[in-house]
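# Examination of the molecular architecture
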Amino acid sequence: MKQGISLIPYPFFLEECKGTYQVNKNPVEIVCKDASIYSPILEQLVKVRCGGNGVAIKIIKAEEFEGHSLKENESYCVKISPDSIDVYSASKQGVFYGFQTICQLLMAYKKELPCLFIYDKPAYSWRGFLLDTCRSFYSVDFIKKMIGAAAFHKFNVFHWHLTDDQGWRLPVPEYPELVEKATQRAAHTMPESIEGEYDEGGVSRRYYTEEEIKDIVNFAAENFITVVPEVEFPGHSSALLAAYPEFGCTGGPYHVENRWGIFPDVLCLGKDKIFDFYDKVFDTIDRLFPGKYLHIGGDECPHERWEVCPDCQRRMKEQKLDNISQLQSWGTTKISEIVLKHNKIPIGWDEVLDNTEKKPLPDEVIVQSWRGFEGGEKAVSLGHTVIMSPVSHCYMNFKNYPSFEEPGRLGCTTVDKAYSYTPVTEKMSDECKSKVIGGECSLWSEALPSSKVAEYLIFPRFCALSEAMWLDEKNKDFERFEKALPLHKQRLKEMNILYYDGRIRN
């Protein structure tokens, strides 16, 4: 395998051939022999990335190409010869990824492209990134910028964290107080912004309208990215309780948190109206998010209020639970049934596996392992589908390098450590490995009100993780990635993306 071509993520197979393709000697020409896999966005994509220079591209259906199987939905071939660039695929998504590869080459090599043959396919079907818009509120433009960058790196899932202690960002028509009260907090920890994200009076009041959400979801779909909304249950609920205190164990008063951390006031699982509320929330999600997945959270939920709450104690006795911790597993089963009724697949953080002796986790629930790899290992052994996003490798809000002068908090993950991540572990049998559909990288936005600082933390670890999720472990090569990175940083600069440019090894 050649080492000199800068592509991130690197293809499954790449062979350098003799000759070069002279960009300025060819007219802009996109020839499609199969209209079913053509989209105007592809033509626009290349025209933008090649800076107005000419490029002749042919899109050819897979049946006309011999030598490699292109039956997988995301697989593609790119053949660059002195006369043309050919893209082969059986699907629009494969063609789209082929075009992203061509765009990376055009941005790096400008007028003269090396002749190449590429056969490419992903190792994992779930390649996601999470953006928390609760702790810090980000603009629609920034979210779309991140989606575009994700598509450029062949991610296919945007996990949108929409509710938390510090803010509820999703409008629900039946519950107007969510946008009136649950979106605002006293800005003691939130600096005011000249961009208007925080009111002059020191109070923030931000949420995404239905029109904005539809815009983001449609833009993501054009880039072959599925949006997975997350609505927390039953913890991280301070903002919800501030709007509807009757959903808590004590009745309040509650407030939208302006601190970071884990807080004792959570949803009261002894009250049936909680589930009526989520049923209506999911009605809204049905309208706005056509994807088949819905994340229900489930992490970091203290149980101390339940210990003394009469309603929770009554529920525990009704359900014949041995201890109050098992109440959360009962609630997870209940909320999962509502999600399934809405024809969506529930996803939960790995805490949903805890205390399930009396109420086993429903088989349909996908487990997202974040506290480490152990949660994922346990989940696959129990037959669950798993997404791996361990905090140790996949959290981009950590520092890029262990220095007090670097932004970031709670830890450090260097680029080489991020690259070393793989969604499967040696402890898993082959059968268990087959249940791991992929991974996610995450940006939790505590103390990150500026999107530019967020970008600095995200890149280039985002690039390293894209390759870690695209390639099998045997095809990864950090030295090759390290050599490709300088040219790739020039691409990021052209895309107006700020990135960390320091040491990438600890």
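Residues numbered from 1 in each chain as written. Predicted model: local features only at pLDDT ≥ 70, side-chain atom pairs only at ≥ 80, totals over all residues. Heavy atoms only, no water.

### Remarks on helix H11 (residues 374-381)
- Those residues of H11 that fall on the buried side of the exposure criterion are Gly375, Gly376, Glu377, Ala379 and Val380.
- Where the residues of H11 are buried, they touch strand S16 (366-369), strand S17 (386-388), helix H14 (430-433) and strand S18 (436-443). (Buried < 20%, exposed > 50% of the residue type's maximum accessible area, 1.4 Å probe, protein only. Helix = DSSP H or I, 4+ residues; strand = E, 2+ residues; numbered from the N terminus. Contact = heavy atoms within 4.5 Å.)

### As for unusual backbone geometry
- Pro9 follows Ile8 through a cis peptide bond whose omega is 0°.
- Positionally, Pro9 belongs in the segment before strand S1 (13-22).
- The residue after Phe233, namely Pro234, is reached through a cis peptide bond having omega -5°.
- Tracing the backbone shows Pro234 in the loop between strand S13 (226-230) and helix H6 (238-243).

### Looking at the pattern of salt bridges
- Overall, the coordinates contain 28 salt bridges when judged by the stated rule.
- Where Asp354 meets Arg371, a salt bridge forms, and the shortest distance between an N and an O atom there is 3.3 Å. With Asp354 in the loop between strand S15 (345-349) and S16 and Arg371 in the loop between S16 and H11, the pair connects residues that are 17 residues apart, well separated along the chain.
- Residue classification places Asp354 among the partly exposed residues on the basis of a relative accessible area of 29%.
- Connected via shared salt-bridge partners are Lys271, Asp272, Asp311, Arg314, Arg315 and Glu318. (Salt bridge = Lys/Arg side-chain N within 4 Å of Asp/Glu carboxyl O.)

### Brief notes about the confidence of the model for the protein
- Of all residues in the protein, 92% have pLDDT values of 70 or greater, and the mean over the chain is 91.
- In this model residues 191-200 is a low-confidence stretch, pLDDT under 50, and it forms 21 contacts with partners more than four residues away in sequence or in other chains. (pLDDT = per-residue confidence, 0-100.)

### Remarks on the packing of aromatic side chains
- Tallying each qualifying case throughout the model produces 34 aromatic pairs.
- With a centroid separation of 6.4 Å and an interplanar angle of 10°, the aromatic rings of Trp370 and Tyr395 are classed as stacked. With Trp370 in the loop between S16 and H11 and Tyr395 in the loop between helix H12 (391-394) and helix H13 (415-419), this pair connects stretches of sequence that are 25 residues apart. Accessibility assignment for this pair places Trp370 and Tyr395 in one class, buried.
- Linked through ring pairs, Trp168, Tyr175, Phe233, Tyr244, Phe247, Phe275, Phe277, Tyr278, Phe282 and Trp330 together constitute an aromatic cluster.
- The ring centre of Phe12 lies 5.0 Å from the NZ or CZ of Lys121, which sits over that ring. (Phe/Tyr/Trp six-rings, centres within 6.5 Å; stacked < 30°, edge-to-face > 60°. Lys NZ or Arg CZ within 6 Å of the ring centre and 35° of its normal.)

### Observations regarding the packing of helix H3 (residues 140-152) against helix H15 (residues 451-458)
- One way to put it is that H3 packs onto H15 with a least axis distance of 11 Å and a crossing angle of 20°. Between H3 and H15, the interaxial angle falls into the category roughly parallel. As H3 packs across H15, the resulting crossing turns out to be right-handed. Contacts between H3 and H15 involve Phe142, Lys145 and Met146 on the former and, on the latter, Ser451, Lys452, Ala454, Glu455 and Ile458.
- Partitioning the contact of H3 with H15 into residue classes produces four nonpolar, one polar and three charged. (Axes fitted to C-alpha atoms, helices over the stretch in contact; angles between N-to-C directions. Parallel < 35°, antiparallel > 145°, perpendicular 65-115°, else oblique. Left-handed = near helix turned anticlockwise from the far one by under 90°. Nonpolar A, V, L, I, M, F, W, Y, C, P; charged D, E, K, R; others polar.)

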